[in-house]
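Here are the chains, one letter per residue:
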Amino acid sequence: MKMITGVAKKDTLEIGEIDGAAMDGCEVKVNGAIHAIRDMGEVAFIILRKRDGLMQCVWEEGVSDFSLKDIHEASTVEFTGIVRPDERAPHGYEIRILALRILSQPAAPMPLTISRKRLNTSLEAKLNYRPIALRNINERAKFKIQEGITRGFRDFLYSQGFTEIHTPKLGAKSAEGGANLFRLEYFHRPAILQQSPQFYKQMMVGVYDRVFETAPVFRAEKHNTKRHLNEYTSLDFEIGYIDSFEDIMAMETGFLQYTMGLLAREYADELEILGIRKLPRTDEIPQVRFDVAKDMVAKKYDRQFRNPFDLEPEEELLIGKLFKEEYGADFVFVTHYPSRKRPFYAMDDPEDPTYTLSFDLLMGGLEITTGGQRIHDYQMLLDKIAARGMETEGMEHYLSAFKHGMPPHGGLGIGLERLTMRLIGEDNVREATLFPRDLSRLEP
């Protein structure tokens, strides 16, 4: 009987495991996918694509034991070769190839030229050939940055005593209400895809005090814009025993500060590939009331907007522009949104119940976060539900948590793709989504 006892031993090396100067002349094995072949005649440069970047290998006629005709772009191979320092090569060394072992061969030519720094094709083509397009170094870098954001969210919240939870995405009732729901049949009963984990987050505050989740949410909105998706990833947290909704904004500011530091330290290669020279400022994030922000924008840009209860996309852009120009701010918290535009569980401002103790975080004039303080008193929650003409049917389990005591609490949800989009300088959220789901796309 064969027993498996731990991590499998490997005899091939990764890019970061090779020290060009110290290993000069050493024989090594490396594997990867052939990213590009530059044939110079008696010499050819073969670029391997590996998990941690590109590696330059050199084929030499009469030295390497194979013909260039044996390999193609997208072949996966294992090379045996000699390490030679070379300052001109990526990472300061190259591998002079002695022997080849072919692991697999492509069955058809590549539909996209992925070896260029940037894909010279339309977004539609990139999405149609998504598994191939993502092999491009620039495209890969976007999603390594997205990994860093998610990693920063988890690491920071773990450091603050949060518990990670996993809530169901099938439900009988939505936390948000309204008509923007994907409805489906669940064993001959009606069900929906959850718009957010809101109810579950709040219930779990009564268990762990501080909880978070990174998971998909679903919005059946018939938008076809550069900022909307019908399925996106939400970074959610909920905090119990808060003194103010400003505690939630402070926690998000801490997450952003931690994450920008993490990206600078551990994702420098990806930032360089994407041409990101400077990360957004997070040392201090200004906050402004909703009504004040509207007034500031109207006066500065001589614009009047029709919706008194929400911010229109152009208003958000102008708020971002104003705070960048006057305060050098990349982010701004807009607080105290009108009660009629916030969900029933939002805590009204005791000084003026027409507003709520809630906020959005704008980055570069785009909403990336919605959050605020929640109603934690059972009777107050029932009164708000009744005042809105809503029914409690389907919310019995949610309400039972409050019936049996809940602490003051609040939380938020961050749109991962929107945050990534702004950070990497793209203007379409699909550029920051691995496999987008929108009005017209369910594949790949």
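Predicted model, so just to flag it, every value in this text is computed and none were measured.

Rules used in this analysis
Residues numbered from 1 in each chain as written. Predicted model: local features only at pLDDT ≥ 70, side-chain atom pairs only at ≥ 80, totals over all residues. Heavy atoms only, no water. Helix = DSSP H or I, 4+ residues; strand = E, 2+ residues; numbered from the N terminus. Buried < 20%, exposed > 50% of the residue type's maximum accessible area, 1.4 Å probe, protein only. Contact = heavy atoms within 4.5 Å. Areas by Shrake-Rupley, 256 points an atom, 1.4 Å probe, with all protein chains shown as cover. Lys, Arg positive; Asp, Glu negative; His and termini not counted. Charge placed at Lys NZ, Arg CZ, Asp CG, Glu CD. Axes fitted to C-alpha atoms, helices over the stretch in contact; angles between N-to-C directions. Parallel < 35°, antiparallel > 145°, perpendicular 65-115°, else oblique. Left-handed = near helix turned anticlockwise from the far one by under 90°. Nonpolar A, V, L, I, M, F, W, Y, C, P; charged D, E, K, R; others polar. Core = buried A, V, L, I, M, F, W, Y, C linked by side-chain atoms within 4.5 Å. Expected span 1.5 Å × (residues − 1). Arc of directions from axis to C-beta. 1 Å grid on protein atoms, 1.4 Å probe; cavity = no way out; pocket = protein on both sides within 12 Å on 5 of 7 lines; lining within 4 Å. Points joined across faces, edges and corners; volume = space filled by probe spheres on them. Patch = residues over 30% accessible without salt bridge, like charges linked within 9 Å, V, L, I, M, F, W, Y side chains within 5 Å. Salt bridge = Lys/Arg side-chain N within 4 Å of Asp/Glu carboxyl O. Pairing = 2+ DSSP bridges.

Caption draft 1: Examining the overall build of the chain more closely. If you tally the helices and strands in the chain, you get 11 helices and 18 strands. Along the first, second and third principal axes, the C-alpha set of the chain runs to 85 × 65 × 40 Å. Counting only residues that meet the buried cut, the chain has 50% of its 444 residues in that class. Relative to all contacts within the chain whose residues are 6 or more apart in sequence, the contacts with residues 24 or more apart total 65%. Of the accessible surface of the chain, which amounts to about 22300 Å², a share of 50% is contributed by carbon and sulfur atoms. Averaging the positions of the 58 positive and the 69 negative side-chain charges in the chain gives two centres separated by 3 Å.

Caption draft 2: Highlighting the packing of helix α4 (residues 198-208) against helix α10 (residues 396-403). Between α4 and α10, the shortest axis-to-axis distance is 10 Å and the interhelical angle comes to 25°. In this view, α4 runs roughly parallel relative to α10, as classed from their interaxial angle. Viewed along their axes, α4 and α10 form a crossing whose handedness is left-handed. Facing F199, Q202 and M203 of α4, the residues of α10 in contact are H397, Y398, A401 and F402. Its residues placed into classes, the contact of α4 with α10 shows 5 nonpolar, 2 polar and no charged.

Caption draft 3: Geometry of the nonpolar core. Among the nonpolar cores identified, the biggest contains 55 residues, and I145, F237 and F255 are the most heavily contacted of them. In terms of residues, this core owes the most to one element, helix α5 (residues 246-266), which gives 8 residues. When near neighbours in sequence (up to four residues on either side) are disregarded, I145 contacts L263, Y267, E270, L271, L274, L423 and I424.

Caption draft 4: Molecular detail of helix α7 (residues 290-301). With 12 residues, α7 extends 17 Å between its outermost C-alpha atoms, agreeing within 8% with the 16 Å of an ideal straight helix rising 1.5 Å per residue. Within the span of α7, buried status applies to F290, A293, K294, V297, A298 and Y301. The buried residues of α7 occupy an angular sector of 130° when the element is viewed end-on, so they sit on one face. Looking at the packing, one finds that the buried side of α7 touches β12 (287-289), α8 (313-327), β13 (331-335) and β15 (352-356). One or two positions beyond α7, positive phi appears at D302, with a value near 50°.

Caption draft 5: Looking closely at empty space enclosed by the protein. Under the defined criterion, the tally for this structure stands at 1 cavity of 30 Å³ or more. Estimated volume of the largest cavity: approximately 30 Å³. If you go around the largest cavity, the residues you meet are E221, H223, H228, L229, N230, R430 and D438. Across the lining of the largest cavity, the residue classes tally to 1 nonpolar, 3 polar and 3 charged.

Caption draft 6: Broad picture of a nonpolar patch on the surface. Nonpolar side chains collect at one region of the surface, where L170, L184, Y186 and F187 lie side by side and expose about 390 Å² of accessible area between them. Following the sequence through the fold, F187 ends up in the loop between β8 (183-186) and β9 (189-193).

Caption draft 7: Focus on the pairing of strand β17 (residues 366-373). By the criterion of burial, β17 is predominantly enclosed, with 6 of the 8 residues buried. Connecting the antiparallel pair strand β16 (residues 358-363) and β17 is a turn made up of 2 residues, with G364 showing a positive phi of about 60°. Bridging between β17 and strand β18 (residues 409-415) involves 5 bridges; their strand directions are antiparallel. By the bridge assignment, T369 is partnered in β18 with I414.

Caption draft 8: Structural detail: the pattern of salt bridges. Counting across every chain of the model gives 36 salt bridges. The salt bridge partner of R88 is D86, with a shortest N-O separation of 3.1 Å. With relative accessibility at 12%, the residue D86 sits in the buried group. Beyond isolated ion pairs, a larger network of salt bridges with shared partners links K126, R130, E139, K142, E426 and E431.

Treat this as a map of the structure, not an account of what it does.
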